[in-house]
Each structure stands twice: as structure tokens, then as C-alpha cells.
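Spelled out from the first residue to the last, the chains are:
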Amino acid sequence: MLRFNDILDRLGSYNPNADTDLLRKAYVFSAKVHLGQVRLSGEPYLTHPLEVTGILTQMQLDAATLATGLLHDAVEDTLSTLEEIRGSFGNEISQLVDGVTKISRISLRSSEESQAENFRKMILAMVKDIRVVLVKLADRLHNMRTLRYHTPEKQAEIAQETLDIYAPLANRLGIDWIKTELEDLAFKHRYPDIYGEIQRKIAKKERERQRYIEEVKRTLLKKLYENKIEGEVTGRLKQIYSIYLKMKDQNIDFDQVYDITAFRIVVHSIKDCYDVLGIIHSLWKPIPGKFKDYIGLPKENLYQSLHTAAIGPYGERIEIQIRTREMHRIAEEGIAAHWKYKEGKPLDEADDKRFTWLRQLLEWQRDLKDDQEFIESVKVDLFPHEVYIFTPKGEVKEFPAGATPVDFAYSIHSDVGNHCIGAKVNGKIVPLKYEFKSGDTVEILTSPNQKPSKDWLKFVKTPRAKTKIRQWFKSEEREKSIILGKEILDKELRKFDLHQAKLMKSGELEKVAGEFSFQGAEDLIAAVGYGKVTANQIIGKLLPPEKFEKKEEEEGRLQSLLHKITRTGPKDALLIKGIDNVMVRYAGCCNPVPGDRVVGFITRGRGVTIHTVDCQSMLDEDPNRKVEVEWDSTKGYSYPVRIRIYSDDKKGLLAEISSSIASHEANITNARVDTTDDHRAIGTFELQIRDLNHLRKVMKGLEKIKGIHKVERMRIEGQAES
């Protein structure tokens, strides 16, 4: 059993200035809260946090991480609270303990490979400090070493989770010795029969293997000596799990796995590496295609070595790695992980950069003498642009940061998204705007009466959700436009004794649709509803010119009379690209006047509504319904505009305001002045102006009046159609 003094000795060997008082305090706290608890093995529970901390010293981690190792189960398995940890040990250690606790409380319910990959990413996304993952790996390693005390069912479950999640995580972090031990222990408990069979076959020839390894080592050392090269030669049998994977992948028996022995030669210089390679290839026949030069072309994860395979003594295949001492240290201590090709899946560039950074952590912490400097270097959000959540069935889904229940709903199905009314996150009802956090469990709530809202477009993050919401509104608009188009067209057709149903049946409307470059009659009718095509334009295609023109002339006289009676506004003050003879209204939300940059928006049954180009209400509208418009500067119309004036409350000021406006040839159509308790006044004036330049001159004239503090343009609510 590891003793606390052993931990202090190990820490002192690589960090003599570490805060040992912090560790003693953590040890006493852990011993106190775990007092009386025993493990399944019958040992005092305190042995577990001690062993976990011992594993952390093998990674040469800082005192705060070691303290976390001693305390990591305090919140999970005792009556202690996170507040107590924070009160006794500060924010840093309490956050580390909290991170380990959160990872311990989640479990993967699906064994699919893609789910395991997302789960691994989710663990890394949940923690802002990578030391949390290192503590969890140490915790899992010791639990795997004592897994035999669980039931066979529990052993299989924990072992599978270790193979799916924790061994690959250790691999990604470049901690090869933890990854290797986790794999063999997990394989032993997950597939005990296969493990036992391979172990027996290895043991059966173990003496022969060891003699073979020693013979090859002696041969290599002799050759190094003859060539005056100093170096170390080690040999080993490949790990059992690695042999199993080779048997499985190549569909072969154990007796057909020839390269189960591997050798490593560590020398002083790069030149020595290549010299040793030449010696090996002259000594034994190299196997074609098995030579890799990772010194000349290092892996992106900084790994460097020469790899070769040859037919060794007695015709057996052997694998040999050749590297310098520095290369060996980097490879062994976690900088270089081989997961990229061992897992058989390529990484995208962003992931590769993240994990390259992780592999450098242990290298950095060797060189950083100040613990705080190292701590800051590991507090990084590895996945700032993604979140990982659980479905109710336990599957892990990836979403962009800021994603909401609406994004999740549309990822399931369009109907689920369209009828989404809310969500439960971790069992609690949340609003649709709720932004997911990694580790959330999400359930969508729906109602058949719910419909999408345009407000959803302001907070959804996924392209799929945005597209589906817009599609719904486009479909909804189209259906309404078809209904309205039929009504408008039918009304106009009857004036010429024409009937829509007959024209549809005869195919006449289909022909007209083709002339307007529409795919069918329904598209043509929808265009009428949108206001893109007028009923008279269609009728002009259906009737002989002389008959249509006579009727249109009569209608034109009537429209002229109505125009005089109703005093409709200056629609001809605008030039609308591609559309003639259409109703025009000015939007009250932005109140455009000549000089403003404007855009037209086709409104069902109301022609074209004119907005300023930066009008907020236009941002989420269907771009297909926008038309280009510009002011016709040759027209001399006047336009309503509202201004607000902030001023002192003093006699005669209103008269000065009226006089200034009149002097700039603008007309006041409405005015209201309110006073405040601090002797200030706020006046609202509706004016008739010619264009934007005219308005600016009026406002500048007002700003010159003594007692006026501010003049601003306002929107006009409920602006009538023109």
C-alpha cells in the first residue's frame, strides 16, 4: 500500500519547492471524511485516493492536482460539500474536484463508435482545466487495477466504458503507459476467455520468447559496439490487447501473428539513428513497405523515430524503433501520442491543433518552475465552438456553441421543430432560447397547435434549423398567396366574362404561366397574390388587344376618379425595378423619405411596401420578396416625418421652433409638447418635408435655437398606405 510519505518523496524529487502543507491538509481532510468507509476489497477507502495521487506523481503534476487526487471522491462519496472544499482549499482545487465529480456522474449508454467519440469530446468540452481529465484517468486506472472485486456484469460494463472512453483519452493526451495498462486491464475483464487464451499461449513459449529477445539484444549491442555507437537496446513482447487487435483486424489465429516481439534502440544523435538503421538492414533482411522515417518527416504531434521491420534470427519477424534520448523522452512522457493512426480515423485540422497542444502540456510543465504559470496554461476551453448534449435515450449529439432547444428539435425532424414549444434540460423546463451546456440531457416538448415564429431566426445557430424555419414561412406565405391570388384573379376575370376554373381546365393559364417564365399555373396565381404580377397583365395575355384595351380604358377613367377622391399618395415618386402599376405604401417602422436608401418588399394584397435598407424589421424577411427601388428625383412631392425635440421649458420657445420650421419651408401637421419636473420639455412634431436634405436643414436650424438640447428623427406608428 502506498503511504502518504511516499507521495511527498515523489513530489520532492521533481518539485522541491512544492506546497507540501497543502497536501498534508488535503490528506487529513480526506482521511477524516472517508473514515470508516471500506472498498469492495475490504481495504480502507483512503487507499484509493492515495493510489490515485501516486499515479498523478508519475505524471509529475503540481501540488494542486495532487491535492485534488486526495480529495476527488470527497463530494461524490461522503457528506462533504463543494462549499466545504472551497472554504478549506480555495477556488482552484474546488473547481478541479467539481470537474472530476461531474465526469463521474455521467455514463455512456450507447456503445456505438461515433457515440463514444462524441462522449470523449464532451468530457474535454465540459472541463476548462485539463488537469481534471488527468485526475479522472488516474482514478480510472486504479479502479481498473482493483476491478476483480466487482461482479462479472459490472466488470464487463466498466471495462467496455474504459475501452470506449478512457483508454482513447489517455492515448490522445499522449500518456502511453496509462493507455496501455487501461487497455490490457479492460480487455482482461471484458473478454476474459480470449484474454486468458492469448495469455496462456504467450506464457507457453515465454521462456523461448525471453531467450529470443535476449539473443537479439546481444546481437544488436555487439554490432553497436563494433561500430563504436553508444546506445541502449530493449525488447518486449507486444501487449495482449495489441495482439488481439491484430488477430481481429487481419482475421488470423495467434500462431499466425509473427511480429509479437518489438525492440527499441536509443542512441545519442540523429546520425547514430541512421547508422543503426543501416546496420540492421545489413544484418537482417528488411520487410518491404515497413520502413517509416519519422525523423526526416516528423508526425504532426511532434513524434520522431525510425521504424523498420525485418526477418530476424530463425526467420521470425521483428519490429524495431530507433530514436535519440530526447525523442524517446518526448514519446514516452506524453508529447507524442500515436492515436491518429492507431484509431484509424483522420482528424480535421481544428481537432489536430487542439490535441497537438494537449500533447505539449507535460513537456511545458517540466520547464515551468512557477506552478501558477503552468496552471494558467492548462485553463483553456478546448472546444469553444461546440457543445455536446445527451438525448433522452443517452445518445450524445454535437451542436455549435449557443445552440438551443429549437436547433435540437429540428435536428430530430422538421415536424418536431415546427411544433416545438419548449424543452426539459436535466429535468427542468427551460425556454426555447436556452443555450446548451456540454453534458445537458435534453427532452423536447411539442404541441400540435404550435407554429414556428420569426423570432426563432434571431437565436437558432444551426443552418438546418434556419433553413427549415424559412421553408415553413415560405410555404405558409405561398399557400396564403395562392388563396389571395385566386380571389384577385377571379374578381378581375369576371369583369371580362372569364372564369378561372375553365381557364385552368383548358390549359390557358398554363400557357400564360409559361409566357411569364413560371413553371405552372399555381406559381402564376401565387405571383398575383404576392403582387409580382397583376391580374390585368394576365388578362392582357388571354384577350385580343382591342377588347382588353377598351375595357382597360374604362377602368382607367374610374381609377383616375378614385385617385382624386381618395387622394392616394405619391407612388410614382419611386422607380420599382421590374414592376409597373402597383400599389405603394411607406413603412411606418422606418418612415423612409427621399434621400434614404430604400428597398421594396412585396406584401400580399398591398403591393410594395417601402423600407429603409437598414430597417430591423426587414432583416429576417424572405429575400425572394425584395425588389429594387429608387427615388425619382424629378417629382416634387412632400412626405410626412416625425421629429422629437428636447429643450428647456421656457416661454416663447415654441414660437421660435414654429418660426424656424416655417423659415425652412416645412409645414407642421401635428405637434405635442410635454414638460418634466426638472423644467425640461419634450416636443413631438410631425412635418411635411421634400427629402432627406430638406429634413437635415430643418433639424440643423432647430439645433441653433438657444434652449434646445437635442433634435432627433422618429418613426411614425401606424403609417397609412399611400
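Look above for the structure.
Residues numbered from 1 in each chain as written. Predicted model: local features only at pLDDT ≥ 70, side-chain atom pairs only at ≥ 80, totals over all residues. Heavy atoms only, no water.

## Observations concerning the pattern of salt bridges
- Under the defined criterion, the tally for this structure stands at 28 salt bridges.
- In this structure, Arg-140 engages Glu-161 in a salt bridge whose closest nitrogen and oxygen atoms are separated by 2.8 Å. Taken together, the residues span a long stretch of sequence, with Arg-140 in helix H8 (residues 131-145) and Glu-161 in helix H9 (residues 152-172) at a distance of 21 residues.
- Residue Arg-140 is classed as buried on the basis of its relative accessible area, which comes to 8%.
- The network of salt bridges with common partners includes Asp-62, Glu-92 and Arg-131. (Salt bridge = Lys/Arg side-chain N within 4 Å of Asp/Glu carboxyl O. Helix = DSSP H or I, 4+ residues; strand = E, 2+ residues; numbered from the N terminus. Buried < 20%, exposed > 50% of the residue type's maximum accessible area, 1.4 Å probe, protein only.)

## A look at the packing of H8 against helix H10 (residues 176-190)
- Their axes nearest at 10 Å, the elements H8 and H10 cross at an angle of 35°. The element H8 and its partner H10 pack so that their crossing is left-handed. In this structure, H8 contributes Arg-140, Leu-141, Met-144 and Arg-145 to the contact, and H10 contributes Trp-177, Ile-178, Glu-181, Leu-182, Leu-185, Ala-186 and His-189.
- Across the contact of H8 with H10, the residue classes break down as seven nonpolar, one polar and three charged. (Axes fitted to C-alpha atoms, helices over the stretch in contact; angles between N-to-C directions. Left-handed = near helix turned anticlockwise from the far one by under 90°. Contact = heavy atoms within 4.5 Å. Nonpolar A, V, L, I, M, F, W, Y, C, P; charged D, E, K, R; others polar.)

## Some details on the packing of helix H3 (residues 47-58) against H8
- Following both chains from N to C, one finds H3 and H8 inclined at 120°, their axes separated by 9 Å at the closest point. Taken together, the axes of H3 and H8 are oblique relative to one another. The handedness of the crossing between H3 and H8 is right-handed. Contact residues: H3 offers Thr-47, His-48, Glu-51, Val-52, Ile-55 and Leu-56, while H8 offers Leu-134, Val-135, Ala-138, Asp-139, Leu-141, His-142, Asn-143 and Arg-145.
- A class-by-class count of the residues in the contact of H3 with H8 yields seven nonpolar, four polar and three charged. (Parallel < 35°, antiparallel > 145°, perpendicular 65-115°, else oblique.)

## Observations regarding the sheet that holds strand S19 (residues 667-675)
- Taking strand neighbours across the sheet as the criterion, the four strands line up as S19-S20-S18-S21 in an open arrangement whose pairing is antiparallel. Whereas interior strands pair on both sides, the edge strands pair on one side only; in this sheet they are S19 and strand S21 (708-714). Between one strand axis and the next, the sheet turns by 20° as a mean value, whatever way the strands run.
- Direction of pairing for strand S18 (residues 639-648) relative to S21: antiparallel, over a ladder of six bridges. Its bridge partner lying in S21, Arg-642 is registered against Met-714.
- Most of the contacts of helix H29 (residues 692-703) go to S21, to which it runs at about 160°, and overall it touches S18, strand S20 (680-689) and S21. (Pairing = 2+ DSSP bridges.)

## Notes on the pairing of strand S5 (residues 306-311)
- Burial runs high along S5: five of the six residues are buried.
- The pairing of strand S3 (residues 285-286) with S5 spans two bridges and is classified as antiparallel. Looking at the pairing, Pro-286 lines up with Ala-310 of S5.
- The pairing of strand S4 (residues 292-293) with S5 spans two bridges and is classified as antiparallel. Considered in S5, the bridge of Lys-292 is made with His-307.
- Bridge analysis of S5 against strand S6 (residues 317-324) gives six bridges, and the strand direction is antiparallel. Residue pairing for S6: Ile-311 is matched across the bridge by Arg-317.
- Taking the residues between adjacent antiparallel strands as the criterion, S5 and S6 are bridged by five residues, where Tyr-314 takes a positive phi near 60°.

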